[in-house]
Amino acid sequence: MMFREIIFLLSLGLTVLALCLFVNHFLPLLLNLEVLPRGSFGWPLVGETLRFLSPHASRTLGDFLEEHISKYGKVFKSHLFFSPTIVSCDLELNHFILQNEEKLFQCCYPKPIHGILGKSSMIVVVGETHRRLRNQALALANITRSRTSYVTDIERIALQLMDSWKHKERIVFCEEVRKFAFSVIVKQVLGLSMQEAESAKILEDFLTFMKGLISFPLYIPGTSYARAVQARARISLTVQAIIKERRKNGFDSNKIGDFLDVLLSTNSLSDEEKVSFVLDSLLGGYETTSLLIAMAVYFLGQCPPALNQVKLEHQYIRANLQEAGQDMSLEEFKKMEFTQCVIHEALRCGNIVKFVHRKALSNVRFKEYVIPSGWQVLPIFSAVHLDPSSHADAQMFNPWRWEGQTQIISKSFTPFGGGARLCPGFELAKVEAAIFLHHFVLNYRWRADGEDIPMAYPYVEFPRGMPILINPI
Ligand code: HEM
């Protein structure tokens, strides 16, 4: 009896598995045979995910994309992250996808990411909730930009950090610049300086949280994923305590200091959404911005003419500020024209966000293909950034290519995404990078301490953290 039950359960399990495989892997292929772009599904369930994720220099496409593009063209089908997928390395299709958010396509990050970010995170919510949170984010970005301390806060944090290098000959640049980006975002969002106990606590939990985002999503106590979910809960409690404290001390809506003040004065978000909002800003503004600065310094280090031109630009701006006895403001940022070209080129070559996740809401016809309803769609930004038909000599770091261009964000340049989900923090990131570079190039000479190239895992990282030898000027 016992034996027969085991056999029965085993065959039931096998049948269910075979059915799942059929529905997930073979059925999508059979149903959509004629109109699908070419491509291959790879292995059952895992499909081609492992090859898609295999690390490569972030300034290259990687073997997977190179092979697939040359075999099937810029748009191909695959099976990635357990879903039938259309991969787009085509600038027109990428643009079409971004511009049709919520109409034909919808943001769709893998479920485990929802577990970590929480159900109210702007990155995972869709529809009306997304619109409401996003409007709030844009309003916040505007208010932040209009504050007089916006630039001076960033400048002070940069100077404090560089001051701490006074007696050092070698620094691990990515670690340092992460401290900078974290201090800026914690100051902008929560009004905290790094010396305050809450900041250190948030930073510690935040680092655990970040590790979980890129870990295997298994909720078993002790795994990185489980620790990340718990760390998010702790950050949430710390932020709730800060909110409570500020309300207790009599919050004055006429004296807006940081993001949190603005958040507190709004009635259109629940407390849970306010906490998620803070987390989204920390998450969006920390790793990406510090990587941008590291990329700019990395590429400048390899291009002495560009470094010289950046230095001249900043010497001129500094001299003018000193002569007028003024502090740096957004006006100076606007004058950093060549520095902004360097930032754009570092974004193009560095590919901090390689692709974003979407799904098709209905059968979508695009040129000769049909993208089946429910399929995952991955617009690959790096493929367009590195495509010689969009950017001449695409492999070359050439900041001069951006000179005189007024329309920077375009179909062929989408480091901050686009359409209804264009990154709300893109200006903050650029201002932060430019101010950091201002003081760095004026105060330090540097050279790389050994080779370290930015790699796409596909999240981008310098494997050695970019150690550099520094010399005060
Ligand atoms: C170099 C720096 C940055 C890069 C490369 C970057 C890149 C991106 C990209 C590609 C997206 C679109 C995601 C998608 O379409 O699914 C995005 C969205 C977002 N970013 Fe950024 N970002 C940067 C800095 C920042 C900063 C400084 C903040 C916050 C202060 C921020 C907050 C966000 C948020 C909240 C979203 C979600 C927007 C939405 O879904 O409507 N980012 N970012």
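Since we're looking at a predicted model, the values are computed, not measured.

**With respect to the sheet that holds strand β5 (residues 170-172)**
Within a sheet, neighbouring strands are paired by backbone hydrogen bonds and run either parallel or antiparallel to one another.
Phase 1 of the analysis: The strand order across the open sheet built from three strands is β5-β13-β10, with neighbouring strands paired in antiparallel fashion. Two strands close off the open sheet at either side, each with one partner strand: β5 and β10 (444-448). Strand-to-strand twist across the sheet, computed as the mean angle between neighbouring axes with direction ignored, equals 35°.
Phase 2 of the analysis: Running over the sheet, helix α17 (residues 426-443) touches β10 and β13 (467-472) and is turned about 90° from β10.

**Points about the coordination of the iron atom of the ligand**
Phase 1 of the analysis: With respect to protein ligation, the iron atom of the ligand binds only Cys423 (SG), at 2.3 Å.
Phase 2 of the analysis: Among the structural elements, cysteine 423 can be located in the loop between α16 (381-385) and α17.

**Observations regarding the pattern of salt bridges**
Should the charged atoms of two oppositely charged side chains come close, the side chains can pair.
Phase 1 of the analysis: In total, this model carries 19 salt bridges according to the counting rule given.
Phase 2 of the analysis: Arginine 234 serves as the salt-bridge partner of aspartate 205, at 2.8 Å between the closest nitrogen and oxygen. Highlighted residues: aspartate 205 in helix α9 (residues 197-213) and arginine 234 in helix α10 (residues 224-248), separated in sequence by 29 residues.
Phase 3 of the analysis: Salt bridges linked by common partners bring Glu101, Arg358 and Arg421 together as one network.

**Points about the nonpolar core**
Burial of nonpolar side chains together is a common tendency in soluble globular proteins.
Phase 1 of the analysis: Core analysis: the largest hydrophobic core is formed by 103 residues, its most contacted members being Trp165, Phe173, Phe436 and Phe440.
Phase 2 of the analysis: Ranked by residues supplied to this core, first place goes to helix α12 (residues 271-301) with 17 residues.
Phase 3 of the analysis: Look past the residues within four positions of tryptophan 165 in its chain and what remains in contact with it is Ile171, Phe173, Glu176, Phe436, Phe440, Tyr444 and Ile470.

**Side note on the packing of aromatic side chains**
Phase 1 of the analysis: What the rule picks out here adds up to 28 aromatic pairs.
Phase 2 of the analysis: Summarising the aromatic geometry, the rings of tyrosine 72 and phenylalanine 76 are spaced 6.4 Å apart at their centres and angled 40° between planes, so their arrangement reads as tilted. Exposure class is identical for tyrosine 72 and phenylalanine 76. Each is buried.
Phase 3 of the analysis: Where phenylalanine 182 meets phenylalanine 206, the ring centres are 5.8 Å apart and the plane angle is 40°; that geometry is what we call tilted. Of this pair, phenylalanine 182 sits in helix α8 (residues 173-190) while phenylalanine 206 sits in helix α9, and the two are 24 residues apart along the sequence.
Phase 4 of the analysis: Chaining the aromatic ring pairs together yields one cluster made of Trp165, Phe173, Phe180, Phe436, Phe440, Tyr444 and Trp446.

**As for the sheet that holds strand β1 (residues 56-57)**
Phase 1 of the analysis: Spatially, the three strands line up as an open sheet ordered β1-β11-β12, and their pairing is antiparallel. Of all the strands in the sheet, just β1 and β12 (460-461) have a single pairing partner and so form its edges.
Phase 2 of the analysis: Direction of pairing for β1 relative to strand β11 (residues 455-456): antiparallel, over a ladder of two bridges. Bridged to alanine 57 within β11 is methionine 455.

**Points about the environment of leucine 307**
Phase 1 of the analysis: Among the structural elements, leucine 307 can be located in helix α13 (residues 304-324).
Phase 2 of the analysis: Residues leucine 307 and threonine 339, spaced 32 residues apart in sequence, show a C-alpha to C-alpha distance of 9.4 Å.
Phase 3 of the analysis: Apart from residues lying up to four places away in sequence, leucine 307 is in contact with Leu300, Val441 and Trp446.

**Points about the packing of helix α15 (residues 337-350) against α17**
Phase 1 of the analysis: Where α15 contacts α17, the two axes come as close as 10 Å, and the packing angle between them is 120°. In terms of axis orientation, α15 runs oblique to α17. Pair α15 / α17 crosses with right-handed handedness. Facing α15, whose interface residues are Thr339, Ile343 and His344, α17 presents Lys430, Ala433, Ala434 and Leu437.

**Quick word on the confidence of the model for the protein**
For any part of a model where pLDDT is low, the fine detail of the predicted coordinates should not be relied upon.
Phase 1 of the analysis: Residues of the protein with pLDDT of at least 70 account for 92%, and the chain-wide mean is 88.
Phase 2 of the analysis: Confidence, expressed as mean pLDDT per element, reaches its minimum in the protein at helix α1 (residues 2-31) with 67 and its maximum at α16 with 98.

**A word on α12**
Because each turn of an α-helix spans 3.6 residues, side chains separated by three or four positions end up pointing in the same direction.
Phase 1 of the analysis: Taking 1.5 Å as the rise per residue, α12 with 31 residues should run 45 Å; its terminal C-alpha atoms sit 45 Å apart, in good agreement.
Phase 2 of the analysis: Burial runs high along α12: 26 of the 31 residues are buried.

**Describing the pairing of β13**
Phase 1 of the analysis: Here β5 runs beside β13; their pairing, made up of three bridges, is antiparallel. From the neighbouring strand, isoleucine 171 faces β13, where its bridge partner is isoleucine 468.
Phase 2 of the analysis: By the bridge criterion, five bridges tie β10 to β13 in an arrangement that is antiparallel. Its bridge partner lying in β13, arginine 445 is registered against asparagine 471.

Reading the values: rules and limits
Each chain has its residues counted from 1, following the order in which its sequence is written. It should be noted that, the model being predicted, local features are given only for residues of pLDDT at least 70 and side-chain atom pairs only at 80 or more, the latter also being counted only at that level, while totals for whole chains, interfaces and linings use all residues. The basis for every side-chain value is the complete set of non-hydrogen atoms in the structure, without hydrogens or water. At least two DSSP bridges between two strands are needed for those strands to be called paired. To qualify as a helix, a DSSP run of H or I must reach at least 4 residues; to qualify as a strand, a run of E must reach at least 2; elements of each kind are numbered from the N terminus. Simply put, an axis is a line fit to the C-alpha atoms, just over the touching stretch for a helix, and the angle between two N-to-C directions goes from 0 to 180 degrees. Residue contacts are defined here by distance: any two heavy atoms, one from each residue, within 4.5 Å place the two residues in contact. A 2.8 Å cut-off from the metal defines N, O and S donors, relaxed to 3.2 Å for Na, K and Ca; water is not in the atom list, so some sites may appear incomplete. Salt bridge, as used here: a side-chain nitrogen of Lys or Arg that lies within 4 Å of a carboxyl oxygen of Asp or Glu. Side-chain atoms within 4.5 Å are what join buried Ala, Val, Leu, Ile, Met, Phe, Trp, Tyr and Cys residues into a set we call a nonpolar core. Only protein chains enter the accessibility calculation, which uses a 1.4 Å probe; a residue whose area is less than 20% of its type maximum is buried, one above 50% is exposed, and one in between is partly exposed. To pair, rings of Phe, Tyr and Trp, with the six-membered ring standing in for Trp, must have centres within 6.5 Å; the planes then decide the type, stacked if under 30 degrees apart, edge-to-face if over 60, and tilted in the middle. Each angle is binned into one of four classes, with values under 35 degrees roughly parallel, values over 145 roughly antiparallel, values of 65 to 115 roughly perpendicular, and all other values oblique. A clockwise turn of the near helix away from the far one marks a right-handed crossing, whereas an anticlockwise turn of less than a right angle marks a left-handed crossing. Confidence of the predictor at the level of single residues is given by pLDDT, which spans 0 to 100. A helix's residues, less one, multiplied by 1.5 Å, set its expected span.

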